[in-house]
Amino acid sequence: MKLTRIFISFLIIFAMLSETAFAAFWNKDSAADLGNDIQKEEFPDGKDVEPTFEEPLTEENTTVITGSVEEVRDINLDDCLRLALGNNPRIQAAMQDVFAADARLRQVWSNYFPKLSWQTGYTRIRQLQLSDVLDKTLIFNYYLLGQISASQMLYDFGVTQNKATISRLDKQGYQISLTATVNDVVCEVKKAYYNFQYALEAKKVAEEMVERYEAFYNQAKAFYIAGTSPKVDVTIAEVNLSNSKLMLIQAEHAISIAMAKLSNTMGLPYASKYNISDNLRYNPCNITLSDAVDIARESRPEFKLADVRVEEARQNVKLAKKSYFPTFNIEGQYQIGGATPTSNYGYNFGGYLTFPTVNGMLIKNEIKEAKALHLKEQSTAAGTKNDIYFEIQQAFYSLQEKKSSIPVAFLGLKQAKENYELSYGRYKVGVGNPVELKEAQVQYQDAMLQYYNALYQFNSARAELEKFIGRNLTDGEVQLNIEKPKKKKSKSKKNA
């Protein structure tokens, strides 16, 4: 059996080798070109897969962000901020919180307004005890045509006033939170706007690289036709040109994403395409750390909110201690009714000193809870202020770092451009090689992107610092505690 299996395996291997040799004998030409033919199905020509670019943004295919299709205009950062303040849903929600807090404050003050009520009805009564005593069924009909009651709280020993103070502080807290929300939205819009500017600059770099790689390709093709350079130089230049076109496509889509992000931060996610009127640039910001901290104490919303929460907790302690206090009310009532709807009438009025139901154990622990929460808010406020100081420090030092990197990036851009021009000049006269030129082009492209990225990082860091101090910085000028000069009284001279 073993010999039979070995013999069958040998026949199968011999048949396979014979088939391969027979195919090679009858297809000598095909065997000779094996591995040299390019399969068009797997590797199509470059012209067949050449990308198509969308129509550039012009006045004909651009609509205004406000919705008008008749007017086309550019927008700047101030326009974006105005649109965000009017359309961002976070700001709208924070505004409604302020309105609701104002309504709650008015609800508390309503305790000082009179209370009116009116009642009418019919009652049928069968007196059980008198019926048993008199052995007679006694049934009465009682009509109440109308009962008007009026009451007025005159004094509650400061309870309503204390509640109103707490509600007023709560409203003030929501107003401060609204300011903090506006600061956050402004920072997000600025960063998105700078990111949009960076995307536009990156597209310009990609377009410039396409032009330079195309010139490189044309030069290499001319050298190849003249017979001074091999075919591989043309291939390298063609590959570089294709890669640059691919980067241009990515840059164009990055612009669309950046525009969508900016529109979303403004609260207009469905806005049409628009142009921006300025380029990414350096905005000087000369400010010291001490100045930034002083500005934050005056302008940072969270800094003020921490003090408001502490005062609100202190007012809650005072309110808890007033749980024993009574309320002084006056009340009047007029009734008409009786056996028939209008058979009789009655009235009463008077003043009442109403004491609350006292649970000493409950009130004592409520006061303890309020005191503990007051101490907690004090500690929370201290921690918040410490965090604000750390955020300012972090943003300030980050801004200094980004500011210092700009001249370095610019120097690198200058050197990379000079290196590229030298390399291209060497290649143009036939001295350089395509690898050297490609490296110079890549370095020049990276240097341009690094420079624009340094500008973007600096502007974003500046926006972060403005958010943490709670104030916008205009042209780097910081002025604190400026006192207006007093006007000198002019002495009038009398003519003799």
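Now for a look at the structure at hand. Model, not experiment: these values are computed from the prediction. (Residues numbered from 1 in each chain as written. Predicted model: local features only at pLDDT ≥ 70, side-chain atom pairs only at ≥ 80, totals over all residues. Heavy atoms only, no water.)

## Quick notes on the pairing of strand S6 (residues 344–354)
Okay, so step 1: As defined by bridge partners, strand S5 (residues 327–338) adjoins S6 across 11 bridges and the pair is classed as antiparallel. Bridge assignment links Ile336 to a residue of S6, and that residue is Tyr345.
Okay, so step 2: With antiparallel pairing between neighbouring strands as the criterion, S5 and S6 make up a hairpin whose turn holds five residues. (Pairing = 2+ DSSP bridges. Helix = DSSP H or I, 4+ residues; strand = E, 2+ residues; numbered from the N terminus.)

## Section: a nonpolar patch on the surface
Okay, so step 1: There is a patch of nonpolar side chains on the surface, built from Leu154, Tyr155, Phe157, Tyr324, Phe325, Phe328, Ile330, Leu353, Phe355 and Val358 and spanning about 920 Å² of accessible area.
Okay, so step 2: With respect to the helices and strands, the residue Val358 is situated in the loop between S6 and helix H10 (360–428).
Okay, so step 3: The exposure class of Val358 is partly exposed, given its relative accessible area of 47%. (Patch = residues over 30% accessible without salt bridge, like charges linked within 9 Å, V, L, I, M, F, W, Y side chains within 5 Å. Areas by Shrake-Rupley, 256 points an atom, 1.4 Å probe, with all protein chains shown as cover. Salt bridge = Lys/Arg side-chain N within 4 Å of Asp/Glu carboxyl O. Buried < 20%, exposed > 50% of the residue type's maximum accessible area, 1.4 Å probe, protein only.)

## As for H10
Okay, so step 1: Across its 69 residues, H10 extends 98 Å between first and last C-alpha, which sits within 8% of the 102 Å expected from 1.5 Å per residue.
Okay, so step 2: Backbone geometry just downstream of H10 places Gly430 in the positive-phi region, at approximately 90°. (Expected span 1.5 Å × (residues − 1).)

## Considerations on the packing of aromatic side chains
Okay, so step 1: With the rule as written, the count across this model stands at 16 aromatic pairs.
Okay, so step 2: Pairing Phe196 with Tyr274 gives two aromatic rings, centres 6.2 Å apart and planes at 85°, and the pair type is edge-to-face. Of this pair, Phe196 sits in helix H6 (residues 159–226) while Tyr274 sits in the loop between helix H7 (231–265) and strand S4 (275–276), and the two are 78 residues apart along the sequence. In this structure, Phe196 and Tyr274 share a single accessibility class: buried.
Okay, so step 3: The ring of Tyr224 carries Lys231 above its face, with NZ or CZ at 5.4 Å from the centroid. (Phe/Tyr/Trp six-rings, centres within 6.5 Å; stacked < 30°, edge-to-face > 60°. Lys NZ or Arg CZ within 6 Å of the ring centre and 35° of its normal.)

## Things to note about the sheet that holds S6
Two modes of strand pairing occur in sheets, parallel and antiparallel, and in both the strands are linked by backbone hydrogen bonds.
Okay, so step 1: The strand order across the open sheet formed by four strands is S2-S3-S5-S6, and the pairing between neighbours is antiparallel. Whereas interior strands pair on both sides, the edge strands pair on one side only; in this sheet they are strand S2 (115–126) and S6. Adjacent strand axes in the sheet meet at a mean angle of 20° when their direction is disregarded.
Okay, so step 2: Where strand S3 (residues 139–155) and S5 come together, 11 bridges link them in antiparallel fashion. (Axes fitted to C-alpha atoms, helices over the stretch in contact; angles between N-to-C directions.)

## Focus on the pattern of salt bridges
Okay, so step 1: This model, assessed by the stated rule, comprises 21 salt bridges.
Okay, so step 2: For Asp170, the salt bridge identified is with Arg309, shortest N-O distance 3.9 Å. Of this pair, Asp170 sits in helix H6 while Arg309 sits in helix H9 (residues 301–321), and the two are 139 residues apart along the sequence.
Okay, so step 3: Notably, a salt bridge pairs Arg471 with Glu298, separated by 3.6 Å at the nearest N-O pair. Highlighted residues: Arg471 in the segment after helix H11 (434–469) and Glu298 in helix H8 (residues 289–299), separated in sequence by 173 residues.
Okay, so step 4: When its relative accessible area of 29% is taken as the criterion, Arg471 is described as partly exposed.
Okay, so step 5: The network of salt bridges with shared partners includes Arg90, Asp184, Glu188 and Lys467.

## Overview of the environment of Thr235
Okay, so step 1: By secondary structure assignment, the location of Thr235 is in helix H7.
Okay, so step 2: By relative accessible area, Thr235 is classed as partly exposed at 37%.
Okay, so step 3: Taking the C-alpha atoms as reference points, Thr235 and Lys221, separated by 14 residues in sequence, lie 9.1 Å from one another.

## Examining the environment of Glu211
Okay, so step 1: Take Glu211: it is sitting in helix H6.
Okay, so step 2: Look at Glu211 and you get exposed, because its relative accessible area is 56%.
Okay, so step 3: Through-space distance from the C-alpha of Glu211 to that of Leu241 is 8.7 Å; in sequence the pair is 30 residues apart.

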